[in-house]
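Architecture and fold: a report
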Amino acid sequence: MSAFPYTIKATDGAARSGVLTTSRGEIRTPAFMPVGTAGTVKALYMDQVKETGADIILGNTYHLMLRPGAERVKKLGGLHNFSTWKGPILTDSGGFQVWSLSKLRKMSEEGVTFSSHIDGSKHSLTPERSIEIQADLLGADISMQLDECTAFGCSKDEAASSMELSLRWGARSKAAFGERFDQALFGIVQGSVFDDLRRESAERSIETGYDGYAIGGLAVGEGFELMCQVLDFTTPHLPVERPRYLMGVGKPIDLVEAVARGVDMFDCVLPTRSGRHGQAWSDYGPINIKRAEFIEDDTPLNPELNCPASRDYSKAYLNHLFRSGEYLSAMLLSWHNIAYFEDLTARMRAAIEAGEFAAFRAEFNARWAQGTSKG
């Protein structure tokens, strides 16, 4: 029995609308989780994040263990109290960030040793230490098993070896997590782009038994079409009664197509990273607000969004802020982008519950193709 019950309210094809009930509130799915890397969703106040419709945010184990330190966060009341976010928090295991530090880490059966990118200090991350940081020190509502992310382009033998290591680390993560009634643990399915490895990883992860199942090792260079193919042969092997989480994804079109394939949860740094660089997201793709065409454009980004950044400021003003190097520029575009992503998932939930997701998907794809064809 899962610590957090997951209720599917409606289905439309493979798409699902549901509710994951946690001790800190409900998470409506499909759900987009804004990324709070260091205990903050960059450039936003937590009440702004909540007002966009976000039910849950993501915290980053790697960054928080290095600064200010997981023990210090615990001393200060846990990540919820420290950050002032009162809703559910999912933390990643730290594995992806450590994986990306290819020149600063050493992998073994026991775990990973690595040098901090901040000051070069030495650290060790094992499945047991990752769970201690996430569940006990940060106080995450949902923790992730420690896994090894497989680089796109690896051989099948390399993918299989990495998958086996992740499965062993998952079993150790589960043992360290134990039985909890107010926190959940998600497993991670690996296997790169190989259908038989993905199936095996899913089946053996189910044997270990998790409260939810993430699909890892995507959005690492394989491209949109191949990502969709991997989802096609992976999600059918995941339990219907547990939430499915696609890690690190992605663009709006990625979310729509993943929901069409049965995915429930997402996270990505894209909305705030784009916002800091002058890019606003829409159904038609990204808008580069720094372009000269917006210098005298007095229309807002999206008057239909219930977000002041989307509704109350003209493109001309936003263009001026970026050209002037004003901090407010990143704040407003990040706010708009998070609001847009949350609105997109809300529209998908409504379409699924109305039995109209196929039409929604077709219309969205048409708008996306129209916008992105213009460059």
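The present account deals with the structure reproduced in this document. All of these numbers come straight from a predicted model, not from anything done at the bench.

Considering the pairing of strand S2 (residues 15–22)
Across the 8 residues of S2, 7 count as buried, placing the element largely inside the fold. Following strand S1 (residues 6–12), the chain reverses through 2 residues before pairing antiparallel with S2; glycine 13 in that reversal takes a positive phi of roughly 70°. Sheet topology note: the S2/strand S3 (residues 25–29) ladder contains 5 bridges and is antiparallel. Looking across to S3, one finds that glycine 18 is bridged to threonine 29. Linkage of S2 to S3, two consecutive antiparallel strands, is achieved through a turn of 2 residues.

Side note on the pairing of strand S11 (residues 184–189)
Counted residue by residue, S11 has 6 buried out of 6 residues, so it is predominantly covered. Residues Ala184, Phe186 and Ile188 point to one face of S11 and Leu185, Gly187 and Val189 to the other, with burial holding for every one of them. Looking at chain direction, strand S10 (residues 142–144) and S11 are connected through 3 bridges and run parallel. Looking at S11, one finds that methionine 144 is bridged to phenylalanine 186. Bridge count for S11 against strand S12 (residues 212–215) is 4 bridges, and the pairing is parallel. Bridged to isoleucine 188 within S12 is alanine 214. As a crossover connection, the stretch from S11 through helix H8 (residues 195–208) into S12 is right-handed.

What to know about the sheet that holds strand S7 (residues 105–107)
Read across the sheet, 3 strands follow the order S7-S8-S9 without closing on themselves; strand pairing throughout is antiparallel. Each edge of the sheet is formed by a strand with only one pairing partner; in this case those strands are S7 and strand S9 (122–125). Averaged over all adjacent pairs, the angle separating strand axes in this sheet is 15°, with direction ignored.

Concerning the environment of serine 17
Counting through the fold element by element, serine 17 comes out in strand S2. Look at serine 17 and you get buried, because its relative accessible area is 1%. For the pair serine 17 and methionine 348, spaced 331 residues apart in sequence, the C-alpha separation works out to 8.2 Å. Apart from residues lying up to four places away in sequence, serine 17 is in contact with Thr7, Ile8, Lys9, Ala10, Thr29, Pro30, Arg349, Ile352 and Glu353.

Focus: the side chain of serine 93
Mapped onto the fold, serine 93 is located in the loop between strand S6 (89–91) and helix H5 (95–100). Its relative accessible area of 4% is what places serine 93 among the buried residues. A polar contact of 3.4 Å, which involves the side chain of serine 93, links it to the backbone oxygen of glutamine 145. Beyond its immediate sequence surroundings of up to four residues, serine 93 is in contact with Thr61, Leu125, Ser130, Gln134, Met144, Gln145, Leu146 and Asp147.

Definitions and cut-offs
- Residues numbered from 1 in each chain as written.
- Predicted model: local features only at pLDDT ≥ 70, side-chain atom pairs only at ≥ 80, totals over all residues.
- Heavy atoms only, no water.
- Buried < 20%, exposed > 50% of the residue type's maximum accessible area, 1.4 Å probe, protein only.
- Helix = DSSP H or I, 4+ residues; strand = E, 2+ residues; numbered from the N terminus.
- Pairing = 2+ DSSP bridges.
- Right-handed = clockwise from strand over helix to strand, strands pointing away.
- Axes fitted to C-alpha atoms, helices over the stretch in contact; angles between N-to-C directions.
- Contact = heavy atoms within 4.5 Å.
- Polar contact = N/O pair within 3.5 Å; in protein donor to acceptor, adjacent residues only side chain to side chain.

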